[in-house]
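Descriptive analysis of the structure
Now for the letters of each chain:
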Amino acid sequence: DHAKQLYCTELGTIYKALSSDASTNFGASPIFAVHDELGQVIGPRSALYEAVETGAGAHDQPLSVIISTQAPNDADLLSLLIDDALAANDPRVTVSLYTTPMDDDPFDVESIKKANPAYGDFLNAEEVQKSARDAERMPSRESSYRNLILNQRVDATSPFVSKNVWDSCNAAPLSLRGPIFGGLDLSARTDLTALVLIHREDEVWNVHPYFWTPEQGVSERSLRDRVPYDVWVKDGYLRTTPGATIDYEFIATEIAEILGGEFVSAIAYDRWRIDLMKRELDRIGLDLPLVPHGQGYKDMSPALDSTESELLNARLRHGGHPVLTMCAANAVVMQDPSGNRKLAKDKSTGRIDGMVALCMAIAAAAGEVQEYATGRLVAL
């Protein structure tokens, strides 16, 4: 009876497609809901999903079905729902997950079948194999192939570091001690400021990331960026500064506490807003071996090469820090005609500040910054 509605006169039941505008669906009370392609929701929350699920609570036996390709990241809503269901935390929830394991050959027919039970039936086997051949021939297509065909939890935008490689460096870092190298990426008024410190032990770099954001408005920014800043603050992964805007004096004091007494060789920094930070460091009497690091192709390309090498050879321990992991998943590379690379904030789908800081830290350790500083003990 309507372009987006089916009406059963015998049962008096209406089935209709809902607008993605959640505000128009508050008050709806469905007894049966189908969430199609929930994997497209970025971050851990969806106002529409919550409105539908809350409305279903008015019935004794409501039923919700989710049909979707996997989301790209562990922190996305569908990923959280899948992981919770696999853990059997709620006996009312069942999950049928057809995916190719990450360590399988992605182009093997048997691997493809694991994610596609309809392969060779109503799913055109020839077209699927064509997609596999294209992805094998052109690496730029592999990420989207893994996500859409193999149903793997992979970002289809070809990030700088693949999830598989990043997870291979998931071991917990050893306690921070000198000599220390670092990367500092300052933020605008309400964004993330990132400091990543590294030290080498047993031929492996131990990665210690620190992030700051203004205390006021954390919940609103969580909704805006679709990432759980508020949860990370509660769990201690994200620090807050007083007020509604980033407080460099507060950050400078905390950096002094983090580094106190340890030998620091060099901290590379993005020049943007560094004068404000230097002023606060001088005010509290903290003398850091700061060295500039450009964000263009000239400086970032060797930094990316060094970081990529350490990751591919599993010579990093980052401990799966969730904020840094988010930044790694969001990091997208731009390339100039000469093959030089840099991280592109304008091309990325979310915050990459922590990954920028990590690359600068590794560049500092490799002596690739423009001016090298003499290490020193850091103390107030």
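Residues numbered from 1 in each chain as written. Predicted model: local features only at pLDDT ≥ 70, side-chain atom pairs only at ≥ 80, totals over all residues. Heavy atoms only, no water.

**Quick word on the overall build of the protein**
Of the regular secondary structure elements, the protein holds 13 helices and 14 strands. Projecting the C-alpha coordinates of the protein onto the three principal axes gives extents of approximately 80 × 50 × 40 Å. Burial status across the protein gives 43% buried among its 380 residues. Approximately 19,500 Å² of the protein is accessible, and the part contributed by carbon and sulfur atoms is 50%. (Helix = DSSP H or I, 4+ residues; strand = E, 2+ residues; numbered from the N terminus. Buried < 20%, exposed > 50% of the residue type's maximum accessible area, 1.4 Å probe, protein only. Areas by Shrake-Rupley, 256 points an atom, 1.4 Å probe, with all protein chains shown as cover.)

**Some points on unusual backbone geometry**
Excluding glycine, a negative phi dihedral is what most residues carry, and trans is how most peptide bonds are arranged. At the junction of Gly-178 and Pro-179, the peptide bond is cis and its omega measures out at 0 degrees in the coordinates. Residue Ala-88 is not a glycine yet carries a positive backbone phi of 55 degrees. Relative to the assigned elements, Ala-88 resides in the loop between α2 (77-86) and α3 (109-115). According to the relative accessible area criterion, Ala-88 is exposed, its value standing at 60%. A positive phi is found at Asp-202, a non-glycine position, where the angle reads about 55 degrees.

**Quick look at the pattern of salt bridges**
One pass over the full model with this rule turns up 22 salt bridges. With its nearest N and O atoms 3.0 Å apart, the salt bridge here joins Arg-153 to Asp-74. One end of the pair, Arg-153, is in the loop between α5 (142-148) and α6 (163-167); the other, Asp-74, is in the loop between β4 (63-67) and α2, and 79 residues separate them in sequence. Its relative accessible area of 11% is what places Arg-153 among the buried residues. Residue Asp-74 is classed as partly exposed on the basis of its relative accessible area, which comes to 38%. (Salt bridge = Lys/Arg side-chain N within 4 Å of Asp/Glu carboxyl O.)

**Here's the deal with the side chain of Thr-69**
Here Thr-69 lies in the loop between β4 and α2. For Thr-69, the contacting residues outside a window of four places in its chain are Glu-37, Gly-39, Leu-78, Asn-147, Leu-148 and Asn-151. (Contact = heavy atoms within 4.5 Å.)

**A word on the nonpolar core**
Formed by 44 residues in total, the largest nonpolar core has its most connected members in Ile-198, Leu-311, Leu-343, Met-355 and Leu-358. Among the elements that take part in this core, helix α13 (residues 353-365) stands out by supplying 10 residues, more than any other. When sequence neighbours within four positions are dropped, the list of residues in contact with Leu-311 reads Phe-160, Val-161, Val-165, Trp-166, Ser-168, Cys-169, Leu-316 and Met-355. With 25 residues, the next largest nonpolar core counts Leu-176, Ile-180, Trp-212 and Leu-288 among its residues. (Core = buried A, V, L, I, M, F, W, Y, C linked by side-chain atoms within 4.5 Å.)

**Notes on the state of the cysteines**
Counting across every chain of the model gives 0 disulfides. Of all cysteine sulfurs, the one in Cys-327 lies closest to Cys-359, which takes part in no disulfide; the gap is 11 Å. (Disulfide = S-S within 2.5 Å.)

**Here's the deal with the pairing of β4**
By the bridge criterion, 5 bridges tie strand β3 (residues 32-36) to β4 in an arrangement that is parallel. When the bridges of β4 are listed, His-35 appears paired with Ile-66. In the classification by handedness, the crossover that spans β3, the intervening helix α1 (residues 47-55) and the parallel β4 is right-handed. (Pairing = 2+ DSSP bridges. Right-handed = clockwise from strand over helix to strand, strands pointing away.)

**Things to note about the packing of helix α9 (residues 248-259) against helix α10 (residues 274-283)**
Here α9 crosses α10 at 55 degrees, and the two axes come no closer than 9 Å. The pairing of α9 with α10 is recorded here as oblique in orientation. α9 and α10 meet at a crossing whose hand is right-handed. Seen from α9, the contacting residues are Tyr-248, Glu-249, Ile-251 and Ala-252; seen from α10, they are Leu-276, Met-277, Glu-280, Leu-281 and Arg-283. (Axes fitted to C-alpha atoms, helices over the stretch in contact; angles between N-to-C directions. Parallel < 35°, antiparallel > 145°, perpendicular 65-115°, else oblique. Left-handed = near helix turned anticlockwise from the far one by under 90°.)

**A few points about the packing of helix α11 (residues 297-312) against α13**
It is at 8 Å that the axes of α11 and α13 come closest, and there the two elements cross at 90 degrees. As the angle between them shows, α11 and α13 are arranged roughly perpendicular. Taken together, the residues of α13 that come into contact with α11 (itself represented by Met-300, Ala-303, Leu-304, Ser-306, Thr-307, Glu-310 and Leu-311) are Met-355, Cys-359, Ile-362 and Ala-363. Across the contact of α11 with α13, the residue classes break down as 8 nonpolar, 2 polar and 1 charged. (Nonpolar A, V, L, I, M, F, W, Y, C, P; charged D, E, K, R; others polar.)

**Overview of the environment of Lys-342**
Here Lys-342 lies in strand β13 (residues 341-343). Considered as a pair, Lys-342 and Phe-160 are 182 residues apart in the sequence and their alpha carbons are 9.6 Å apart. Setting aside residues no more than four positions away along its own chain, Lys-342 makes contact with Gln-295, Gly-296, Tyr-297, Met-300, Leu-304, Val-332, Val-333 and Met-334.

**Here's the deal with the environment of Ala-303**
Tracing the chain through its elements places Ala-303 in helix α11. Using a relative accessible area of 0% as the deciding quantity, one classes Ala-303 as buried. Considering only alpha carbons, one finds Ala-303 and Lys-342, 39 residues apart in sequence, at a separation of 8.7 Å.

**Considerations on the pairing of strand β9 (residues 263-269)**
The element β9 is extensively covered by neighbouring structure, given that 6 of its 7 residues are classed as buried. Bridge analysis of strand β5 (residues 180-185) against β9 gives 5 bridges, and the strand direction is parallel. Among the inter-strand pairings, Leu-184 is bridged to a residue of β9, identified as Tyr-269. As paired strands, β9 and strand β10 (residues 290-292) are joined by 3 bridges and run parallel to one another.

**Things to note about the packing of aromatic side chains**
Enumeration according to the criterion identifies 3 aromatic pairs in this entry. For the ring pair Phe-107 and Tyr-145, a centre distance of 5.7 Å and an interplane angle of 20 degrees mean the geometry is stacked. Here Phe-107, found in the loop between α2 and α3, pairs with Tyr-145, found in helix α5; they are 38 residues apart in sequence, far enough to count as distant. Owing to a relative accessible area of 22%, Phe-107 belongs among the partly exposed residues under this scheme. Ring geometry for Tyr-229 versus Trp-232: centroids 6.1 Å apart, planes at 65 degrees, classification edge-to-face. (Phe/Tyr/Trp six-rings, centres within 6.5 Å; stacked < 30°, edge-to-face > 60°.)

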